[in-house]
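# Survey of secondary and tertiary structure
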Amino acid sequence: MLYTELLRLWDEAVKAVDAKDWNGALATLEEITEPNSWTLFITASAHLALGQLDQALQALDQTIAKDERLAVGFFQRSGVLMQIGRLEDALSDCIWAQKYMRGNMVIDYKQLRLRYKLYSWQVLYNAAAVYCRMGQWDQATDILLSASQEKGAGRGAVVDLALESVSRGEVLAPLMVPEGEVFRPRKQDVEQLKQKDFLGKAKVISSMIPNDDFGGFEPLRMQKPGFYEPKVDSAQDTHYMRMRVPYMAATPGELTVPGGAMVFLFGEVDPDGMATVIYDGQRGRLPMTLLEPADVKMSKGKKENSVLSGIPLPPGLKPPTRPQTLPSSAAPPQEAPPPAYTPPAIPAGLPKYTSIASRSTDQGSEAGSVVVKVHYRYTVALTVPLDTPYHELQERVAHKLGQPAARLRLRHKCHGSQVLRPLNEDGDGGVLLQAAEAGKVTLWCQTEDPLANRTIFYQMVALYDYAAEGPEDLEFSEGDTIDILGEVNEEWLEGHCAGNIGIFPSCFAYRETSTLNENTVL
């Protein structure tokens with residue numbers, strides 16, 4: 001869902017709440033396909049205004065699921081749970097609300113566009129209201145006395161009246177966020193909902209490539225998925241206990257722990273039945289009767305249902321062991337490496353850069369012609385007849401690039417393959433038919449010395465970059481096509497790439513299923 005659409009519906013729902021149109025606000029909120037915790041809080045407020053407690057509780061559950069540390073969400077849900085009659089859950093929410101206040105006396109939600117301040121004494125007041133409904137009047141009185149020591153606006157009169165009501169055995173009504181107070185969108189974002197054209201329309205597109213008459217984009221390469229899940233050692237299930245029911249501290253030295261929380265048993269049990277535990281980095285005492293042993297080992301079902309996540313697999317870039325040269329008195333003669341090639345200087349008379357927009361549109365492809373796109377150090381394009389022989393095509397490309405034709409090598413990719421295969425030089429005509437697709441041909445060009453009396457057994461594609469560590473190594477980049485001239489051993493191969501011959505680790509390249517003819521000689 002677009003953020004602009006979310007803002008528009010959010011703003012309409014807030015306006016309906018301000019107008020006390022609760023059904024209209026709910027109808028608008030139902031159109032939000034991806035609600036956040038703030039819009040779900042508005043939904044719960046609208047249901048509370050209509051007296052629909054079950055729907056309000058469901059919306060608050062979703063609110064807390066979106067933001068697990070929203071203290072005002074736990075505070076509001078504790079009041080709804082008290083009205084429904086789920087007292088233990090309400091007490092647990094009071095404990096969580098107090099925990100996420102992080103020791104602060106007040107949290108002002110003005111920065112989140114909610115005009116409400118949540119005080120610590122209000123959370124304690126709701127906890128005392130839960131104990132009143134449980135019939136534990138002494139606990140309720142102790143909690144209210146603790147609330148009277150807190151600071152905050154409106155505390156004195158409310159807490160004093162609550163103490164008098166508890167002394168008479170009257171049940172306290174829960175405190176909740178006032179009706180109509182909801183999270184609102186940012187005013188600046190709402191004002192910018194109207195679309196504005198800041199850039200305008202593009203008028204001219206210029207080409208910075210010399211002699212280029214082709215425009216377009218190549219598709220993105222698909223990334224190979226590779227993930228592994230980190231191994232987690234199972235923890236020892238000794239001295240770990242779980243709280244059966246929530247417990248709120250009544251005396252100094254005790255801990256306030258929600259129901260279901262795990263604690264670490266520290267030391268032995270006192271004669272009065274109190275155990276020393278560690279919970280959330282704090283050390284205190286809890287009744288041993290409320291603790292039960294906990295199994296902290298990871299269940300198999302949780303591992304099977306877990307979502308696939310992890311860290312991408314690192315590539316194995318470490319080369320294998322270099323092949324050892326066998327000592328021999330008479331070593332077989334080795335072929336001399338091809339002479340070093342120095343690229344000739346680019347002629348000074350190259351055509352200047354031209355603009356695509358300034359070219360005439362009537363220079364379209366002639367009948368029986370095809371657009372040839374050639375990848376070199378830069379990319380060029382030219383239009384040639386479809387039945388052009390290989391040597392004539394080579395001369396045209398050489399003239400376009402300003403390079404000698406004898407040192408150019410043209411290759412192409414078959415459909416669905418990553419291997420660069422040389423064009424058929426023996427054919428008299430129609431050499432472009434084997435590489436033509438959708439009225440155009442894409443070729444790759446290299447300047448290199450031809451191989452003399454060497455057989456290409458097959459070809460491989462480089463998986464990673466490989467930097468030469470010695471004069472006998474073959475250096476290449478990821479995606480390059482390597483001509484395989486021989487196998488040194490199980491881990492090293494001899495190959496040819498970009499005019500150089502050398503050895504490289506076989507794990508740095510992969511071989512496709514289709515291979516060249518073993519008798520192909522350049």
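To be clear, the structure that these remarks concern was listed above.
Residues numbered from 1 in each chain as written. Predicted model: local features only at pLDDT ≥ 70, side-chain atom pairs only at ≥ 80, totals over all residues. Heavy atoms only, no water.

## A word on the sheet that holds strand β19 (residues 509-510)
Pairing between the strands of a sheet comes from backbone hydrogen bonds, and it takes one of two forms, parallel or antiparallel. With antiparallel pairing, 5 strands are arranged side by side in an open sheet as β18-β17-β16-β15-β19. On the outer flanks of this sheet lie β18 (500-505) and β19, each paired with one strand and no other. Strand direction decides the pairing type here: strand β15 (residues 458-462) and strand β16 (residues 481-487), joined by 4 bridges, are antiparallel. The residue of β16 that forms the bridge with M460 is I482. (Pairing = 2+ DSSP bridges. Helix = DSSP H or I, 4+ residues; strand = E, 2+ residues; numbered from the N terminus.)

## Brief notes about the sheet that holds strand β8 (residues 291-293)
The strand order across the open sheet formed by 5 strands is β7-β6-β5-β4-β8, and the pairing between neighbours is antiparallel. At either end of the open sheet lies a strand with only one pairing partner, and these are β7 (282-287) and β8. For this sheet the average axis-to-axis angle between neighbouring strands, irrespective of direction, equals 45 degrees. (Axes fitted to C-alpha atoms, helices over the stretch in contact; angles between N-to-C directions.)

## Describing the packing of helix α1 (residues 3-18) against helix α2 (residues 22-29)
One can describe the packing of α1 onto α2 by two numbers: an axis separation of 8 Å at closest approach and a directional angle of 170 degrees. Classed by the angle they form, the pair α1 and α2 counts as roughly antiparallel. On the side of α1, the interface is formed by L9, E12, A13, A16 and V17, while α2 contributes W22, G24, A25, T28 and L29. When grouped by side-chain class, the residues that make up the contact of α1 with α2 number 7 nonpolar, 2 polar and 1 charged. (Parallel < 35°, antiparallel > 145°, perpendicular 65-115°, else oblique. Contact = heavy atoms within 4.5 Å. Nonpolar A, V, L, I, M, F, W, Y, C, P; charged D, E, K, R; others polar.)

## Examining the packing of helix α6 (residues 87-100) against helix α7 (residues 120-134)
Close contact between α6 and α7 brings their axes to 9 Å; oriented N to C, the two are set at 160 degrees. Accordingly, the angle class assigned to the pair α6 and α7 is roughly antiparallel. In the crossing of α6 with α7, the sense of the turn from one axis to the other is left-handed. When α6 is examined against α7, the residues L87, E88, A90, L91, C94, A97 and Q98 are found in contact with a partner set consisting of V123, L124, N126, A127, V130, Y131, R133 and M134. (Left-handed = near helix turned anticlockwise from the far one by under 90°.)

## Digging into the environment of L9
Relative to the helices and strands, L9 is located in helix α1. Once the C-alpha coordinates of L9 and A25 are considered, the two residues, 16 residues apart in sequence, prove to be 9.4 Å apart.

## Digging into the nonpolar core
One finds V72, Y109, L118, L172 and F183 to be the most contacted residues of the largest nonpolar core, which totals 65 residues. Look past the residues within four positions of L118 in its chain and what remains in contact with it is A71, V72, F75, M101, M105, V106, I107, Y109 and V123. Judged by nonpolar contacts, the second largest core, of 20 residues, contains V374, V384, L432 and V441. (Core = buried A, V, L, I, M, F, W, Y, C linked by side-chain atoms within 4.5 Å. Buried < 20%, exposed > 50% of the residue type's maximum accessible area, 1.4 Å probe, protein only.)

## Quick look at the side chain of S78
Structurally, the position occupied by S78 is in helix α5 (residues 71-84). On the basis of relative accessible area, S78 is assigned to the buried category, the value being 0%. Excluding residues that lie within four positions of it along the chain, S78 makes contacts with A90, D93, C94 and N126.

## Concerning the environment of T455
Tracing the backbone shows T455 in the loop between β14 (440-447) and β15. Accessibility expressed as a relative area gives 28% for T455, which makes it partly exposed.

## Some points on the packing of aromatic side chains
Taken as a whole and assessed by the stated rule, the structure comprises 12 aromatic pairs. Ring geometry for W96 versus Y100: centroids 5.8 Å apart, planes at 20 degrees, classification stacked. Taken together, the positions of W96 and Y100, both in helix α6 and 4 residues apart, correspond to about one turn of that helix. Clustering of aromatic rings is evident, with ring pairs tying together W10, W38, F41, Y109 and F183. (Phe/Tyr/Trp six-rings, centres within 6.5 Å; stacked < 30°, edge-to-face > 60°.)

## Considering α1
Between its first and last C-alpha atoms α1 spans 23 Å; for 16 residues at 1.5 Å apiece the expected length is 22 Å, and the two agree. L6, L7, L9, W10, D11, A13, V14, A16 and V17 are the residues of α1 that are buried. Among the structural elements, α2, α3 (37-49) and α10 (187-191) are those in contact with the buried residues of α1. Positive phi shows up at K20, right after α1, with a value of about 60 degrees. (Expected span 1.5 Å × (residues − 1).)

## Looking at the side chain of T481
You can see T481 is positioned in strand β16. On the basis of relative accessibility, which here comes to 4%, the residue T481 falls in the buried class. Filtering out sequence-adjacent residues up to four positions away, T481 remains in contact with R411, Q418, V419, L420, Q459, M460, H496 and C497.

## Remarks on helix α9 (residues 155-167)
Here α9 spans 18 Å end to end across 13 residues, near enough to the 18 Å set by a 1.5 Å rise per residue. Every buried residue of α9 is accounted for by V159, A162, S165 and V166. With its buried residues spanning 120 degrees around the axis, α9 presents them on a single face. Turned more than 90 degrees away from the buried face of α9, the exposed residues are A157, L161 and S167. Looking at the buried positions of α9, the neighbouring elements they touch are α7 and α8 (137-148). Immediately beyond the C-terminal end of α9, within one or two residues, lies G169, with a positive phi of roughly 80 degrees. (Arc of directions from axis to C-beta.)

## Section: the pattern of salt bridges
Counted under the stated rule, the structure contains 15 salt bridges. Ionic pairing is found between E170 and R168, a salt bridge with its closest N-O pair at 3.2 Å. For R168, a relative accessible area of 52% translates into the label exposed. (Salt bridge = Lys/Arg side-chain N within 4 Å of Asp/Glu carboxyl O.)

## Points about unusual backbone geometry
Backbone geometry follows two general trends: most residues other than glycine have a negative phi, and most peptide bonds adopt the trans configuration. Positive phi values are uncommon outside glycine, yet K20 reaches one of about 60 degrees. For R102, which is not glycine, the phi dihedral falls at a positive 55 degrees. Tracing the sequence through the fold places R102 in the loop between α6 and β1 (106-108). According to the relative accessible area criterion, R102 is exposed, its value standing at 58%.

## Focus on the environment of M288
Within the secondary structure, M288 is located in the loop between β7 and β8. What makes M288 partly exposed here is its relative accessible area of 25%. Put simply, M288 and V277 are 11 residues apart on the chain and 9.8 Å apart in space, counted from C-alpha to C-alpha. Leave out the neighbours within four places in its chain, and M288 touches M241, L265, V269, G273 and A275.

Honestly, that's just the spatial picture; any functional story needs more than this.
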